[in-house]
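Chain residues, written in single-letter form:
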Amino acid sequence: MIKTSDKLADGRELLYFDPDDTTPRAGSTDLRPLEPAVSLSEIRRDPITGDWVTVAAHRQARTYHPPADECPLCPSRDGRLSEIPAADYRVAVFENRFPSLAAHAEPARLGHRVAEARAGTGRCEVVCFTADHGASFADLTEPQARLVLDAWTDRTAELSRLPEVKQVYIFENRGAEIGVTLAHPHGQIYAFPFVPPRTTRMLERADLHRVTTGRNLFEDVLAAELADPVRVVLTGRHWTAFVPFAARWPYEVHLYPNRRVADLTHLNEAERTEFPALYLELLRRFDRLFAESGSDGPTAHTPYIAAWHQAPAVGAPELALHLELFTIRRTAGKLKYLAGVESGMDAFVNDVSPEAAAQRLREVSS
C-alpha cells in the first residue's frame, strides 16, 4: 500500500491510499476558497448514567443530501471542486469539515456542579471507499476491499497514538433510512477522547467472565456458536460470521477473526487476505435479503450499519476485535423503529428470531 499525504485549502489532512503496484501519487492542490474550520464541540458527562455525550452544534450546517453532480466526495472534475482535489482516487481519507470531535476544539464553556464538561477533543475522518459515486461497498472487488482494510488499519494505528484518544471506532452507515446525508460510498472514523458506553459494558462483562471462569468471554462466545452452528452464517479458515444468540436487530451478524486480537493492527497476513471475499459475500447477502420480494426491485440496497469494535487505545486485554453488521429493516417495506422500549429504556425487542435470521442469510448465499 502507498499512502500519500496532502492538505486541503483549510488545512485539514487528506490521505490517498493506492496499491503497491501503482505509480506514487503526485500532490494535488485544493483550489476552493475555504475559511479554516472551527469546532465548537464539547463533551458533557451525564451525572445520572456517567455516559459522555458530545455536543456539536456547528454540525447543523453540514452538507445535506446534495445532488449527485454536487457530491463533495467525488473527485474534482470538469471545474467542479470537491473535498478530493485529485481527478481520481482509489481510497481517500480526510478530516471531516464538520466534526463531532476535533483536535482544536474550543474549551468547554459551561459547568455543572454535579457533572463534567470538557472540550470535544479527538478526530473525525471520512473514508471514501471508491471514486465511483453509484457503487456501494458490496460492489468493490476483493483488491479494492483489501485496500480499504489497509486504510482502516493505518488509521487505527495513527489515531491510537494521539494522546487525547481513548478509542478508535470505524463504521459505515448506508442508506437514507439510516440517516446518511451523502450517498457516495463512504464510512467514518471517530477517535474518541473517552471509552463509549457500549465498549464499557463489553469490558465489564468480559472482566466478570474472566473472574468467574478464568477464560476470555469473546473466545467462549465464538466457540459456543461453532459448537452449535444453527446461527452461523458463513465461515472461513480465519473468520466466522454468525447471528448473535441475543441479537437486538432483526438481521444482525457479528464477524469474528477465529484468532482473538485486540484491533485491526494485530491481524496477520492470512487473516487480511481472507477478509475481503468473506466480507463482500456477507454484504451481498444483506442486499439479497429483501430484493427477492420485488418490493424494492432486484438491485435494492439494504440499509445497514457496519461497526468495528476494537480494544480501547488505553489498553483492554479482554476485548476482542469484531465487526457488528445490522440492518434496521425487518421485512420488505418495513423498518425496525427504536420507539419507547428501545429508545426510552435501551431494552431491545426483536421481531425476528436469531435462528430464523441466520437461516435466511444462509439461503441467500451466492
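Residues numbered from 1 in each chain as written. Predicted model: local features only at pLDDT ≥ 70, side-chain atom pairs only at ≥ 80, totals over all residues. Heavy atoms only, no water.

## Regarding the environment of A102
The cut-off we apply is this: Secondary structure elements are taken from DSSP: a helix is a run of H or I of four residues or more, a strand is a run of E of two residues or more, and numbering for both begins at the N terminus. For every residue, the accessible area obtained with a 1.4 Å probe (protein chains only) is divided by the maximum for its type, and the residue is called buried under 20%, exposed over 50%, and partly exposed between those limits. We call two residues contacting when some pair of their heavy atoms lies within 4.5 Å.
In this fold, A102 is placed in the loop between β5 (91-95) and β6 (117-119). A102 gets classed as buried once you look at its relative accessible area, which sits at 13%. Apart from residues no more than four positions distant in its own chain, A102 is found in contact with S39, G120, T121, G122 and R123.

## Quick word on the pattern of salt bridges
Our working definition: Note on definitions: salt bridges are taken to be side-chain nitrogens of Lys or Arg within 4 Å of carboxyl oxygens of Asp or Glu.
In this structure the tally under the stated criterion is 35 salt bridges. Across the pair E355 and R231 runs a salt bridge whose closest N-O atoms are separated by 2.8 Å. Of this pair, E355 sits in helix α6 (residues 354-363) while R231 sits in the loop between α3 (217-227) and β10 (232-235), and the two are 124 residues apart along the sequence.

## A word on the pairing of strand β1 (residues 2-7)
The two faces of a sheet get side chains in turn, since along a regular strand they alternate between them. Quick note on the threshold: Two strands qualify as a pair provided that DSSP identifies no fewer than 2 bridges between them.
Only one face of β1 is covered, namely the one carrying I2, T4 and D6; the face carrying K3, S5 and K7 has none of its residues buried. Two strands pair when backbone bridges link them, and β1 and strand β2 (residues 13-18) are joined in this way by six bridges, in the antiparallel orientation. The partner of K7 across the bridge, within β2, is E13. Once β1 ends, the chain turns through five residues before running back antiparallel as β2, passing G11 with a positive phi of about 95°.

## Points about the nonpolar core
Under the convention used in this document: To form a nonpolar core, buried Ala, Val, Leu, Ile, Met, Phe, Trp, Tyr and Cys residues must be joined to one another through side-chain atoms within 4.5 Å.
Grouped together as the largest cluster of nonpolar side chains are 52 residues, with contacts concentrated most on F137, W152 and W308. It is helix α4 (residues 269-291) that provides the largest number of residues to this core, a total of nine residues. Apart from the residues within four sequence positions on either side, F137 is in contact with F129, A145, V148, W152, E172, Y279, L280, L283 and Y304. Core analysis: the next-biggest nonpolar cluster, separate from the first, contains 15 residues, L14, A86, C128 and L182 among them.

## Here we look at the sheet that holds β1
How we decide: Angular values range over 0 to 180 degrees, each being the angle between N-to-C directions of two axes fitted as lines to C-alpha atoms, with helices fitted over their stretch in contact.
Overall, antiparallel pairing links the eleven strands, which are arranged β1-β2-β5-β7-β9-β8-β13-β14-β12-β11-β10 in an open sheet. Each edge of the sheet is formed by a strand with only one pairing partner; in this case those strands are β1 and β10. For this sheet, the mean inter-axis angle between neighbouring strands, taken without regard to orientation, is 20°. The pairing of strand β8 (residues 167-174) with strand β13 (residues 304-309) spans five bridges and is antiparallel. Bridge pairing in β13 links N173 to I305. Where helix α1 (residues 142-160) meets the sheet, its contacts fall on β1, β2, β5, β7 (123-128), β8, β9 (186-192) and β13, and the angle it forms with β2 comes to roughly 140°.

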